[in-house]
Amino acid sequence: MRISLIGFGKMGQEIYKIAEREKIIVSSIIDPHHQKATCSGITHQSLKNTDVAIDFTHPDTILENIEKAAKEKVNLVIGTTGWLDILPKVEKIVKKNHIGLIYGSNFSIGVHLFWQILEEASKKFNLFPQYDIFGHEFHHNKKADSPSGTAQKSAQIILKNIKRKKTLQTNILNRPPKPNELHFTSTRGGYIPGTHSIYFDSEADTLEITHQARSRAGFALGAIQCAKWIKGKTGLYTIEDYIKELFN
Ligand SMILES: NC(=O)c1ccc[n+]([C@@H]2O[C@H](COP(=O)([O-])OP(=O)(O)OC[C@H]3O[C@@H](n4cnc5c(N)ncnc54)[C@H](OP(=O)(O)O)[C@@H]3O)[C@@H](O)[C@H]2O)c1
C-alpha cells in the first residue's frame, strides 16, 4: 500500500515511523513548512502515486484539503478534529467524487474500549440518582480545539444513557452547575497526548473511568489500519464502522 501524509506535525511523524516499520510506502509528505516534506500543498503531483492520504492537519484547512484530494480521486483518512460542523458539505464531496473517506475523533482502539465501558457504566448509573456525573480532559499546550473530539463523544454517550443529564456544559461556570447539566471541562498544558476521565460521584464514593494515552502510537497505528480498510472503498465512514467490524 502507498500512503500520503497530509500534515507532518506530531501525528504525521508518528504515522511515518509506523509506516516505515510496516514497510508501507510513503509516497509523499505534504506540509507547508516542514523541512522533510516532499510537497508544500495538495496537488495532482503530490497525490499521483498514492492509494490513501492520511490527514492530520488543522480544522481550518480541512475542507480545502478534502476538496483537493477528492478532485484527485484519492481515498482519505481524516484524523484532524474540530470540523464536524461541515460534515454535510464533506458528505456531498465524497458522493460527488466517488471516493472513500473515514474520519474519527480518536483512532486509538483503547479509546473505543473506553467508550464501550462508558456506555455500559452509564446505563447502570442511570438507575442510581444519588450519583452525579462529570468529566475532564487534558491535552498538550499546542492543541487547537477544545473540548477534544473524544470528550464530545464521551459526553454524547453519557447524555444518551443518563436520563437526568440533558445538556453539555464545557465552559467555566461562575455558578453551581444545574442538576441536568453535564459539566465536562478541558485543560491545555505540557506534552500530554490525551487523558479523558469520567467521574460518577455520590456522597459515599467516587468511581472514575480514565483513558490515558501514553504516546501517540495508538492513534497512528489506528490511522494506518483505517488506511488499509478504506483502500478501494467508496462512501463516508466513521472509525466506529471500522471498529464494529473488528469487534464482530
Ligand atoms: N483522531 C485522532 O485519533 C487524533 C489524535 C491526535 C490528534 N488528532 C488531531 O489531529 C490534528 C493534528 O494534530 P497534530 O498533533 O499532529 O498537530 P500538529 O503537530 O500541529 O501538526 C499539524 C501539521 O499540519 C500542517 N498543516 C497545516 N495545514 C496544512 C495543510 N493545508 N496541508 C498540509 N499540512 C498542513 C501544520 O503545519 P504548520 O504548523 O506550518 O501550520 C503542522 O505541521 C489535530 O486536529 C488533532 O486534534 C486526532
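None of the values given here were measured: they were computed from a predicted structure. (Residues numbered from 1 in each chain as written. Predicted model: local features only at pLDDT ≥ 70, side-chain atom pairs only at ≥ 80, totals over all residues. Heavy atoms only, no water.)

*Asks:* Looking at this model, I keep getting lost on the side chain of asparagine 75. Mind explaining?
*Replies:* Positionally, asparagine 75 belongs in strand S4 (residues 75–78). Side-chain polar atoms of asparagine 75 contact the backbone nitrogen of glycine 100, separated by 2.7 Å. Apart from the residues lying within four places of it in its own chain, the contact partners of asparagine 75 are Asp51, Val52, Ala53, Ile99, Gly100, Ile230, Lys231, Gly232 and Lys233. (Helix = DSSP H or I, 4+ residues; strand = E, 2+ residues; numbered from the N terminus. Polar contact = N/O pair within 3.5 Å; in protein donor to acceptor, adjacent residues only side chain to side chain. Contact = heavy atoms within 4.5 Å.)

*Asks:* Looking at this structure, how should I read the domain arrangement of the protein chain?
*Replies:* You can read the domains of the protein chain as domain 1 (2–107 + 216–247) and domain 2 (109–212). Its C-alpha centre places domain 1 at a distance of 28 Å from the equivalent point of domain 2. Contacts between the two partners involve 15 residues from domain 1 and, on the opposite side, 16 residues from domain 2. Carbon and sulfur atoms make up 58% of the area that domain 1 and domain 2 hide from each other, which totals about 1,200 Å². (Domains from an automatic or database assignment. Buried area = accessible area lost by both parts, 1.4 Å probe.)

*Asks:* I tried to follow the pairing of strand S1 (residues 2–6) on my own but got confused; where do I start?
*Replies:* Along any regular strand, the residues point their side chains to alternate faces of the sheet. Counted residue by residue, S1 has four buried out of five residues, so it is predominantly covered. Examined bridge by bridge, S1 and strand S2 (residues 25–30) share five bridges and lie parallel to one another. Considered in S2, the bridge of isoleucine 6 is made with isoleucine 30. A crossover connection joins S1 to the parallel S2 through helix H1 (residues 10–21); in handedness this β-α-β unit is right-handed. One ladder, built from four bridges, connects S1 with strand S3 (residues 52–55); its direction is parallel. Counted as the bridge partner of isoleucine 6 is aspartate 55 from S3. (Buried < 20%, exposed > 50% of the residue type's maximum accessible area, 1.4 Å probe, protein only. Pairing = 2+ DSSP bridges. Right-handed = clockwise from strand over helix to strand, strands pointing away.)

*Asks:* Sorry, what's going on with the packing of H1 against helix H7 (residues 217–230) here?
*Replies:* The relative placement of two packed helices comes down to the angle between their axes together with the axis-to-axis distance. The interhelical angle for the contact between H1 and H7, taken along N-to-C directions, is 65°, at an axis separation of 9 Å. By crossing handedness, the relation of H1 to H7 is classed as right-handed. Within the contact between the two elements, H1 uses Met11, Glu14, Ile15, Ile18, Ala19 and Arg21 and H7 uses Ala217, Phe219, Ala220, Leu221, Ala223 and Ile224. (Axes fitted to C-alpha atoms, helices over the stretch in contact; angles between N-to-C directions. Left-handed = near helix turned anticlockwise from the far one by under 90°.)

*Asks:* Teacher, can you tell me more about the packing of H7 against helix H8 (residues 239–247) here?
*Replies:* Where H7 contacts H8, the two axes come as close as 11 Å, and the packing angle between them is 85°. Here H8 runs roughly perpendicular to H7, going by the angle between their axes. Across the interface between the two elements, Gln225, Cys226 and Trp229 from H7 touch Ile239, Asp241, Tyr242 and Glu245 from H8. Considered class by class, the residues forming the contact of H7 with H8 number four nonpolar, one polar and two charged. (Parallel < 35°, antiparallel > 145°, perpendicular 65-115°, else oblique. Nonpolar A, V, L, I, M, F, W, Y, C, P; charged D, E, K, R; others polar.)

*Asks:* Which parts of the structure should I look at to understand the environment of phenylalanine 138?
*Replies:* Along the chain, the position of phenylalanine 138 falls in strand S6 (residues 132–139). Residues phenylalanine 138 and leucine 63 lie 75 residues apart in sequence; the distance between their C-alpha atoms is 27 Å.

*Asks:* I would appreciate a short explanation of the sheet that holds S4 in the present structure.
*Replies:* Strand pairing within a sheet occurs via backbone hydrogen bonds; the two strands may be parallel or antiparallel. Pairing is parallel across the open sheet formed by six strands, whose spatial order is S2-S1-S3-S4-S5-S11. Bordering the open sheet on either side are S2 and strand S11 (235–238), each of which pairs with just one other strand. Neighbour-to-neighbour, the strand axes of the sheet open up by a mean angle of 20°, direction not taken into account. Packed onto the sheet, H1 meets S1, S2 and S3 and runs at close to 165° relative to S1. Against the sheet, H7 contacts S1, S3, S4, strand S5 (100–103) and S11, and its axis sits at roughly 155° relative to S4.

*Asks:* Just to check I follow, could you spell out the site of the ligand for this structure?
*Replies:* Not every one of the 24 residues close to the ligand is listed here, only the nearest: Asp31, His33, Thr61, Thr81 and Phe107. One nitrogen or oxygen atom from the side chain of lysine 10 is found 2.9 Å from an oxygen atom belonging to the ligand. At 3.1 Å, a backbone N or O of glycine 104 approaches a nitrogen atom of the ligand. If the ligand stood free it would expose 920 Å²; the protein chains cover 77% of that surface. Residue classes in the shell around the ligand are distributed as eight nonpolar, twelve polar and four charged. (Near = heavy atom within 4 Å. Areas by Shrake-Rupley, 256 points an atom, 1.4 Å probe, with all protein chains shown as cover.)

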